[in-house]
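# Summary of structural features
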Amino acid sequence: MNADPYAWIEKSLDTIRRAHWYRSPQSIESSPGPVVELAGRRLINFASNDYLGLAGDDRLIQAAIAATKEFGTGATGSRLLSGHRDLHRELELAIANLKQTEDALVFSSGYLANLGAIVSVVGKRDLILSDKYNHSSLKNGAALSGATALEYSHCNLEDLTVKLEQNRARYRKCLIITDSVFSMDGDLCPLPQLLALAGKFNCMVLVDEAHATGVFGASGAGCAEHFGCTGTPLMQVGTLSKALGSLGGYVAGSAALIDFLRNRAASWIYTTALTPADAAAALEAVRIVQQEPERRVRLRQNIETFKYCAITNHQLPITNSLSPIFSLPLKDAAAALIGGSKLKEMGIFAAAIRPPTVSVSRIRISLMATHELAHLEQLVEALEQVLSFD
Ligand code: PMP
C-alpha cells in the first residue's frame, strides 16, 4: 500500500483557501510605532497591541541590552532548575505591586499563563463557565483541564445565572473564566456583577486582563482597578506583550495561589524561564506604566477623538467601546480581505479578521497613545471608503 498518510494536509489547505480563511504573516520592516514600514511602504499602524507605545521605547531597549550583557541571551533552564534569576522575582513583585495582589508568577507567554492556571485549579470533577467570546487560550485551557466546560452567551449574566442554577450543585469546584477587555470587539466584561454572582454560587473567577493591563485603572492595573474590584479574591492573568511592550505572561493573585501554581502549573514548571532581556524590558515597562499616567491619558484622548470622528461625525458602524479596540464588521471573509488591502492602498495597516478567529468577519482597529490626530482622521476617511466598496 503506497497511500500518502499526509495527503489530507494539502486538501485541508485547499478548503481553507477556498473559504478565504488562509492566513500568512506579513513582515514589518521598521521599529514598532504609530507608523511602520511594510513591503517597502510606510503605513499608519492600527494593527498593534503596543497600546502605550512602549515596545520601541529606548528605556526598555536599554534595559533589555543591559540584562543580556549581564545574564546572556537565554535563561538556560526552567525556573525550578537553572533558569531562575533575581530579575524574574523582581518582575513578579513589581506585577503584584501594580495589581495590588499578594504575589504574581511570570510565564513565558500569556497563552501559557492561561493554560497553566486553568489546568491547575480545576479537573475532571469540576465545572468551568466560559464567556462565548473568550480568547483561544482560555477556551483551550478549559478543554485541556478535563473539567465540564459550558459557554454562556457573551457578557450575559442572566444566561450565566441560569447555567449556574442548573449545574453548580453537581460539581465540586467551579471556575468562571472571562476576558476583561474582549480582544475582537473591545467591549468590557461586567466584572463587579460577575464577581457578585461568583460569590453567591461559591465560584472562583479567572479574569484575563491581557488588553486591559496598562490601559485601564488609575495606575494601569487593568479592569479590576477600573471597576474598583482590587482586593476581591480573583485570579488575574495577563500578558507582558501588549501595553508592556515585551514578551511573557503572568498570573497575579493570593500568595497561596501563586505558591500552588509554582508546584502545579505544567506550562510554568516544564518550560524554559523568560529570557533576561524580556524580563528586564517588562520590569521597566511596569515602572513606566505606574509612573507615567499621561500615556494612558493620551490613549484615552485618542479613543474619544476616534469615536467622535468615526461614530458621531461620520456615523460609521464601528463597535463603540471604552477600550482602544474597535471593529468594523463586514459581510464576509472576502470583503474583509478586500477591505484590508484597500486600506493598505490608502496608507493604513489594520487587521482583516476572519473565521475561524471570529464568526463575523471584520476590520479590527487598535489605537495607540502615540497616534496623532492626523493619523486618526486619515483612518476615518479610509474606513468610509472601504464601506463604500462593501
Ligand atoms: N489573552 C488574550 C485576551 C489575548 O488577546 C492574548 C494575545 N492575543 C493572549 C491572552 C495571549 O497572550 P500572549 O500573546 O502573551 O501569549
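Computed from a prediction, not measured in an experiment: that's the story for all the values here.

Turning next to the UniProt feature "domain: Aminotransferase class I/classII large" (unreviewed entry) in the chain. In this numbering, the UniProt entry assigns the feature "domain: Aminotransferase class I/classII large" (unreviewed entry) to residues 43-383. Structurally, residues 43-383 comprises 45% helix and 16% strand, and the distance from its first C-alpha atom to its last is 14 Å.

Moving on: the sheet that holds strand S12 (residues 351-353). Reading across the sheet, the three strands line up as S10-S13-S12 and stay open at both edges, with antiparallel pairing between neighbours. The two strands at the open ends of the sheet, each matched to only one other strand, are strand S10 (325-329) and S12. Pairs of neighbouring strands in the sheet enclose a mean axial angle of 30 degrees, with direction left out of account. In the sheet, S12 pairs with strand S13 (residues 362-366) via three bridges, with the strands oriented antiparallel. Along S13, the bridge assignment pairs Ile 353 with Arg 362.

In the neighbourhood of the ligand, 15 residues make up the surrounding shell, with Gly 110, Asp 208, His 211, Thr 239 and Lys 242 lying closest. Between an oxygen atom of the ligand and a main-chain N or O atom of Tyr 111, the distance comes to 2.9 Å. Here the ligand loses 82% of its free accessible area of 390 Å² to cover by the protein chains. At three residues, helix H5 (residues 110-121) tops the list of elements feeding residues into the shell around the ligand. Residues that form the shell around the ligand fall into these classes: two nonpolar, ten polar and three charged.

Further remarks concern the packing of aromatic side chains. Within this structure, the stated rule accounts for one aromatic pair. Taking 5.0 Å as the distance between ring centres and 65 degrees as the angle between the ring planes, the aromatic pair formed by Phe 306 and Phe 326 counts as edge-to-face. Of this pair, Phe 306 sits in helix H13 (residues 294-313) while Phe 326 sits in strand S10, placing them 20 residues apart in sequence. With respect to burial, Phe 306 and Phe 326 carry one shared label: buried. The lysine or arginine in question, Arg 17, covers the ring of Tyr 22, its NZ or CZ lying 4.8 Å from the ring centre. The aromatic ring of Phe 216 is capped on one face by Arg 300, whose charged end is 5.1 Å from the ring centroid.

So, how was this worked out
- In this numbering scheme, every chain counts its residues from 1 along its sequence in written order.
- At least 70 in pLDDT is required for a residue's local features to be given in this predicted model, at least 80 for side-chain atom pairs to be given and counted, and no such filter applies to totals for whole chains, interfaces and linings, which use all residues.
- Derived side-chain values reflect all non-hydrogen atoms in the structure, with water molecules and hydrogen atoms excluded from consideration.
- UniProt positions are given in the numbering used here, feature names are shortened, and annotations may be inferred rather than shown by experiment.
- Strands are runs of DSSP state E lasting at least two residues, helices are runs of H or I lasting at least four, and both sets are numbered from the N terminus onward.
- A pair of strands is labelled paired if DSSP reports no fewer than 2 bridges between them.
- Only the contacting stretch of a helix is used when fitting its axis, a line to C-alpha atoms as for every element, and angles between N-to-C directions run 0 to 180 degrees.
- By convention in these notes, a residue is near a molecule or strand provided one of its non-hydrogen atoms lies within 4 Å of it.
- Any pair of N or O atoms that falls within 3.5 Å is considered a polar contact. Within protein, one atom must be able to donate a hydrogen and the other to accept it, and sequence-neighbouring residues count only if both atoms are side-chain atoms.
- Accessible areas in this description were obtained via Shrake-Rupley with a 1.4 Å probe; residue shielding takes into account the shown protein chains only.
- Only Asp, Glu, Lys and Arg are considered charged in this grouping, and only Ala, Val, Leu, Ile, Met, Phe, Trp, Tyr, Cys and Pro are considered nonpolar; every other residue, Gly among them, is considered polar.
- Centre distance within 6.5 Å is the pairing criterion for rings of Phe, Tyr and Trp, where only the six-membered ring of Trp is used; planes under 30 degrees apart are then read as stacked, over 60 as edge-to-face, and the remainder as tilted.
- Summary of the burial criterion: residues with accessible area below 20% of their type's maximum are buried, those above 50% are exposed, and those between are partly exposed, where the area comes from a 1.4 Å probe applied to protein chains only.
- Consider the ring centre and the ring normal. A charge sits over the ring if Lys NZ or Arg CZ is within 6 Å of that centre and within 35 degrees of that normal.

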